[in-house]
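This is what each chain is made of:
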Amino acid sequence: MRFRTVLFDLDGTLLDHFDAIHRCHSHAMRRIGLPAPTMQQVRNAIGRGLEDAIADLAGRENVARILPLYLEHWRATNLDDVKLMPGATELLEALNRHGVTCGVLTNKRGESSRVVCAHLGITPFVRGIFGAGDTPWLKPQREFADHALRTLGGDAASAVLIGDSIYDLAAAQQAGLGFLGVTTGTHSAEELRAHGATEIFPTLVELTPVLLSRI
C-alpha cells in the first residue's frame, strides 16, 4: 500500500499536552470540592473527547459544572508548556516534500487544536485540522474520518492514520485506513496490539523511515 494522505492524532502523537490537560482538570475539580486527579488517571481518561474525560474523572453528574471551569482555565494557560513530540516537525516536513497530504484528526476541540498547531508552527504542514465540535462526529466514528478525507481530497485506500490510542486504531479500522501506532501517549504497545494493531513504534522517529518507504 502506498500512502498519499496521512492523518495524525494530536495529543500523545504529534504533541505533548498532558501537563496542561492535567492542570486544567485538577483546577476545575478542586473548584467544586473534588480531589485533583493523578496524571495517570488523566491519561487513562483522554481520547474520547473532553466531556467523556470529565465524566470518567469526576462523574457524569459533574460534567456541566466542571466543563466551563476547565475551559476557562484552559484558554488562559494551555500554551504554557505544550511541546511537539520528538521527530514531529521532521516527519511533517518530509511528507510535505514528497507531496503527501497531511491532516489532523483529533477528539481535542477543533478551536484548541488549531490554536496549538499555530503556536507550535505546524499549521503550514497540514491541509486541514478536524477536531471535536467541527462536525457531529468524533473518533472512532467512520463519518469523521470520511469527512476529513473528502475535504482533503484523499481516499481510504491510500490513507493512513497515525495515533497513540485504541480510539485512533478503532477509527482507522472502521474507516478502512492503514494504521501506524506510537507509544508516546495513552496506550501501550501491548494494548494496541490486543486491539489489532500490527505496526507500533516507540516514537515518531522510529516510525518515520517506515512511513516514508510507503509513499
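What counts and what doesn't
- Residues numbered from 1 in each chain as written.
- Predicted model: local features only at pLDDT ≥ 70, side-chain atom pairs only at ≥ 80, totals over all residues.
- Heavy atoms only, no water.
- Phe/Tyr/Trp six-rings, centres within 6.5 Å; stacked < 30°, edge-to-face > 60°.
- Helix = DSSP H or I, 4+ residues; strand = E, 2+ residues; numbered from the N terminus.
- Buried < 20%, exposed > 50% of the residue type's maximum accessible area, 1.4 Å probe, protein only.
- Lys NZ or Arg CZ within 6 Å of the ring centre and 35° of its normal.
- Axes fitted to C-alpha atoms, helices over the stretch in contact; angles between N-to-C directions.
- Left-handed = near helix turned anticlockwise from the far one by under 90°.
- Contact = heavy atoms within 4.5 Å.
- Nonpolar A, V, L, I, M, F, W, Y, C, P; charged D, E, K, R; others polar.
- Polar contact = N/O pair within 3.5 Å; in protein donor to acceptor, adjacent residues only side chain to side chain.
- 1 Å grid on protein atoms, 1.4 Å probe; cavity = no way out; pocket = protein on both sides within 12 Å on 5 of 7 lines; lining within 4 Å.
- Points joined across faces, edges and corners; volume = space filled by probe spheres on them.

Draft legend 1. Fine view of the packing of aromatic side chains. A complete count under the given rule lists one aromatic pair for this structure. A ring pair is formed by Tyr70 and Trp74, whose centres lie 5.9 Å apart and whose planes are at 15°; its orientation type is stacked. Of this pair, Tyr70 and Trp74 both sit in helix H4 (residues 63–77), four residues apart, which is roughly one turn of that helix. One exposure class covers both Tyr70 and Trp74, and it is buried. The residue whose ring lies beneath Arg43 is Phe18, and the NZ or CZ to ring-centre distance is 4.0 Å.

Draft legend 2. How the structure looks around the packing of helix H3 (residues 50–58) against H4. One can describe the packing of H3 onto H4 by two numbers: an axis separation of 10 Å at closest approach and a directional angle of 115°. Regarding H3 and H4, the two cross each other, and that crossing is right-handed. Judged by residue contacts, Leu50, Glu51, Ile54, Ala55 and Ala58 of H3 engage Val63, Ile66, Leu67, Tyr70 and Leu71 from H4. A breakdown of the residues in the contact of H3 with H4 according to their chemical character gives nine nonpolar, no polar and one charged.

Draft legend 3. Just the side chain of Thr106, in detail. Residue placement: Thr106 occurs in strand S4 (residues 101–109). Residue classification places Thr106 among the buried residues on the basis of a relative accessible area of 2%. Looking at Thr106, its side chain comes within polar contact range of the main-chain nitrogen of Lys108, at 2.9 Å. Residues within four places of Thr106 in sequence aside, it is in contact with Asp9, Leu10, Ser113, Phe130, Gly131, Ala132, Lys139 and Phe144.

Draft legend 4. Region of the structure containing H3. Within H3 the residues assigned to the buried category are Leu50, Ala53, Ile54, Ala55, Leu57 and Ala58. Positive backbone phi, approximately 95°, marks Gly59, located one or two places after H3.

Draft legend 5. Representation of the layout of surface pockets in the model. In this model, the largest pocket occupies a volume close to 160 Å³. Forming the boundary of the largest pocket are Leu71, Trp74, Arg75, Asn78, Arg109, Glu111, Ser112 and Val115. Going through the elements one at a time, H4 and helix H6 (110–119) are the ones with two or more residues in the lining of the largest pocket. Of the residues belonging to the lining of the largest pocket, the class tally is three nonpolar, two polar and three charged.

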